Amino acid sequence: DTGVSQNPRHKITKRGQNVTFRCDPISEHNRLYWYRQTLGQGPEFLTYFQNEAQLEKSRLLSDRFSAERPKGSFSTLEIQRTEQGDSAMYLCASSFGQSNEKLFFGSGTQLSVL
Amino acid sequence: AQKITQTQPGMFVQEKEAVTLDCTYDTSDPSYGLFWYKQPSSGEMIFLIYQGSYDQQNATEGRYSLNFQKARKSANLVISASQLGDSAMYFCAMREGINNAGNMLTFGGGTRLMVKP
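Cut-offs and rules
Residues numbered from 1 in each chain as written. Chains lettered and ligands numbered in written order. Predicted model: local features only at pLDDT ≥ 70, side-chain atom pairs only at ≥ 80, totals over all residues. Heavy atoms only, no water. Contact = heavy atoms within 4.5 Å. Buried area = accessible area lost by both parts, 1.4 Å probe. Salt bridge = Lys/Arg side-chain N within 4 Å of Asp/Glu carboxyl O. Polar contact = N/O pair within 3.5 Å; in protein donor to acceptor, adjacent residues only side chain to side chain. Helix = DSSP H or I, 4+ residues; strand = E, 2+ residues; numbered from the N terminus. Nonpolar A, V, L, I, M, F, W, Y, C, P; charged D, E, K, R; others polar. Pairing = 2+ DSSP bridges. Axes fitted to C-alpha atoms, helices over the stretch in contact; angles between N-to-C directions. Core = buried A, V, L, I, M, F, W, Y, C linked by side-chain atoms within 4.5 Å. Buried < 20%, exposed > 50% of the residue type's maximum accessible area, 1.4 Å probe, protein only. Disulfide = S-S within 2.5 Å.

Student: How should I be thinking about the interface of chain A and chain B in this particular structure?
Tutor: Bring the parts together and some accessible area is lost; that lost area is often taken as the interface size. At the junction of the two partners, chain A supplies 22 residues and chain B supplies 19 residues. For the pair chain A and chain B, the summed buried surface comes to about 1600 Å²; carbon and sulfur atoms form 54% of the total. Across the chain A-chain B interface, the total number found is zero salt bridges. Summed over the shared surface of chain A and chain B, the number is four residue pairs in polar contact (both at pLDDT 80 or more). Elements represented by at least two residues in the side of chain A that touches chain B include exactly strand 4 (31-37) and strand 5 (44-50) of chain A. Here the side of chain A that touches chain B takes four residues from strand 4 of chain A, the largest share from any one element. Of the residues contributing to the side of chain A that touches chain B, the split by class is eight nonpolar, nine polar and five charged.

Student: I'm lost on the sheet that holds strand 1 (residues 5-7) of chain A in this one. Help?
Tutor: Across a sheet, paired strands are connected by hydrogen bonds in the backbone, their directions being either parallel or antiparallel. Residues and elements named next belong to chain A. The strand order across the open sheet formed by four strands is 1-3-8-7, and the pairing between neighbours is antiparallel. Each end of this open sheet is capped by a strand with a single partner; those strands are strand 1 and strand 7 (65-68). Shown here is a sheet whose adjacent strand axes are inclined to one another by a mean of 15°, direction ignored. Relative to strand 8 (residues 75-79), strand 3 (residues 19-24) runs antiparallel, the two being bridged by five bridges. Residue pairing for strand 8: Arg22 is matched across the bridge by Thr76.

Student: Before we go on, may I ask you to explain the nonpolar core in this structure?
Tutor: When a protein is soluble and globular, its nonpolar side chains tend to lie buried together. Residues and elements named next belong to chain B. The biggest cluster of nonpolar side chains holds 25 residues, and the ones touching the most others in it are Leu21, Tyr25, Trp36, Ile49, Leu77, Tyr90 and Leu113. Residue assignment for this core shows that the elements contributing at least two residues are strand 2 (10-14), strand 3 (19-21), strand 5 (32-39), strand 6 (46-52), strand 8 (64-69), strand 9 (74-79), strand 10 (88-96) and strand 12 (111-116). Those residues in contact with Tyr25 that lie beyond four places of it in its chain are Lys3, Ile4, Tyr32, Leu34, Phe68, Gln69, Lys70, Lys73, Ser74, Ala75 and Met94.

Student: Looking at this structure, how should I read the state of the cysteines?
Tutor: In a disulfide, the sulfur atoms of two cysteines are covalently bonded to one another. Taken as a whole and judged by the stated rule, the model has two disulfides over all chains. Each disulfide pairs two cysteine sulfurs, and for Cys23(A) the partner residue is Cys92(A), the sulfurs being separated by 1.8 Å. Where Cys23(A) bonds to Cys92(A) through sulfur, the torsion about that S-S bond is close to -70°, and the disulfide is left-handed. Taken together, the positions of Cys23(A) in strand 3 and Cys92(A) in strand 9 (residues 88-95) put the pair 69 residues apart, joining distant regions of the chain. As far as the burial class goes, Cys23(A) and Cys92(A) line up, both buried. One disulfide in the model links Cys23(B) with Cys92(B); its S-S distance is 2.0 Å. Judged by the torsion about the S-S bond (-65°), the Cys23(B)/Cys92(B) disulfide is left-handed. One end of the pair, Cys23(B), is in the loop between strand 3 and strand 4 (24-25); the other, Cys92(B), is in strand 10, with 69 residues separating them in the sequence.

Student: What exactly am I supposed to notice about the pattern of salt bridges here?
Tutor: For the structure on display, the rule yields six salt bridges over all chains. For Asp24(A), the salt bridge identified is with Arg22(A), shortest N-O distance 2.8 Å. Judged by relative accessible area, which is 23%, Asp24(A) ranks as partly exposed. Notably, a salt bridge pairs Lys73(B) with Asp26(B), separated by 4.0 Å at the nearest N-O pair. Here Asp26(B) lies in the loop between strand 4 and strand 5 and Lys73(B) lies in the loop between strand 8 and strand 9, a separation of 47 residues in the sequence. It is possible to trace a salt-bridge network through shared partners that takes in Arg64(A), Glu83(A) and Asp86(A).

Following this line, the structure appears as structure tokens:
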């Protein structure tokens, strides 16, 4: 499979717990993006990486959120001390990095915080 | 102000007919790009079509075409010969600025398209 892969597909957690999601981009893509999508809304940008460097972070990304992309391959998104407002679909996308280039998205991780 | 506005929360279309999904955008940047993505119930965002602000002709990709009216700041998606598999959420998105080195996209709220047999 050469698409963007995200794990897990679904995550249910209790408020206050930490969760971590993983994204495996298309192998030759050097850019990786995280977006968040709440029910009935379009995706909102969170952060992106050029290779292993995290170059941009949205104001939506509070201190409880941290993202990494060691070695410029897969990426992880960790949410500490989850809150009910964190419940959303977390989408990962990758691209070659040209200005007019389409992003290839994964199927997302659906997070439910109880 | 909303950067991307999609005014149709839901649309019905008869199978084999054409349908237009509306999108208006707001930017003061002369360089921008407009994208349409499809999101079926599986959740994955699927790229459909791209239009650059300096492109002279409307973009087309198979059954998809983009009706780009720059002065009106609209970028409507036209789907010809609708199929049952076209039933999904459709999102319009914009990339602004030559300084947007990260190619970050701003998405609209989406339109749910339902194709009737």
